[in-house]
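# A closer look at the structure
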Amino acid sequence: MKDPCAHCEEMMQPYLDRILTEDERIEAEAHLDECEYCRKRYRFEESLRVYVRQAVSEQMPPELRLKLAALRIPLD
Ligand SMILES: [Zn+2]
């Protein structure tokens, strides 16, 4: 059987990108629920992304940011 934490790690980036299928998302969330290690890693990855996104958007003129938001283009 596959190491669930290794599997969780594989799903981490697509999970954060919100591109997992419904089944995969449920699987990932179930694992994050029961695994302290992956939960910490997830929080770290998530906060890193928020930080990067803020850093990027703060340098952008507000009009451009609004345009991008309207187009739903991910900033990373
Ligand atoms: Zn785990």
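Residues numbered from 1 in each chain as written. Predicted model: local features only at pLDDT ≥ 70, side-chain atom pairs only at ≥ 80, totals over all residues.

### Digging into the nonpolar core
- Ranked by size, the top nonpolar core spans six residues in total: Cys8, Tyr15, Ala28, Leu32, Cys38 and Tyr42.
- Among the elements of the structure, helix H1 (4–16), helix H2 (22–34) and helix H3 (36–58) are those that each provide at least two residues to this core.
- Not counting residues within four places of it along the chain, the set of residues in contact with tyrosine 15 comprises Leu20, Arg25 and Ala28. (Core = buried A, V, L, I, M, F, W, Y, C linked by C-beta atoms within 7 Å. Buried ≥ 20, exposed ≤ 12 C-beta atoms within 10 Å, placed from the backbone. Helix = DSSP H or I, 4+ residues; strand = E, 2+ residues; numbered from the N terminus. Contact = placed C-beta atoms within 7 Å.)

### Topic: the environment of glutamate 29
- Residue position: glutamate 29 is located in helix H2.
- The exposure class assigned to glutamate 29 is partly exposed, which follows from the 13 C-beta atoms found within 10 Å.
- Taking the C-alpha atoms as reference points, glutamate 29 and cysteine 8, 21 residues apart in sequence, are found 9.2 Å from one another.

### Considerations on helix H4 (residues 62–71)
- Of all ten residues that make up H4, zero are buried, and the element is exposed over most of its length.
- Arginine 72 occupies a position one or two residues after H4 and carries a positive phi of about 55°.

### Focus: the packing of H1 against H3
- Contact geometry of H1 with H3 gives a least axis separation of 11 Å together with a crossing angle of 25°. Here H1 lies roughly parallel to H3, going by the angle between them. Crossing geometry of H1 relative to H3 is assigned as right-handed. For the pair H1 and H3, the contacting residues are Cys5, Cys8, Met12 and Leu16 in the first and Tyr37, Cys38, Tyr42, Glu45, Glu46 and Arg49 in the second.
- Across the contact of H1 with H3, the residue classes break down as seven nonpolar, no polar and three charged. (Axes fitted to C-alpha atoms, helices over the stretch in contact; angles between N-to-C directions. Parallel < 35°, antiparallel > 145°, perpendicular 65-115°, else oblique. Left-handed = near helix turned anticlockwise from the far one by under 90°. Nonpolar A, V, L, I, M, F, W, Y, C, P; charged D, E, K, R; others polar.)

### Description of unusual backbone geometry
- Its identity is not glycine, yet arginine 18 carries a phi of approximately 60°, on the positive side.
- Within the secondary structure layout, arginine 18 lies in the loop between H1 and H2.

### Considering H1
- With 13 residues, H1 should cover 18 Å at 1.5 Å per step; its first-to-last C-alpha distance of 18 Å lies within 8% of that length.
- Of all bends in H1, the biggest is about 30°, found at glutamate 10, and the proline proline 14 comes one to four residues later.
- Phi turns positive, to about 60°, at arginine 18, one or two residues after H1. (Expected span 1.5 Å × (residues − 1). Bend = angle between axes of the 7 residues up to and from the residue.)

### Looking at the environment of glutamine 13
- Following the sequence through the fold, glutamine 13 ends up in helix H1.
- For glutamine 13, a count of 12 C-beta atoms within 10 Å gives the class exposed.
- Taking the C-alpha atoms as reference, glutamine 13 lies 9.3 Å from tyrosine 42; in sequence the two are 29 residues apart.

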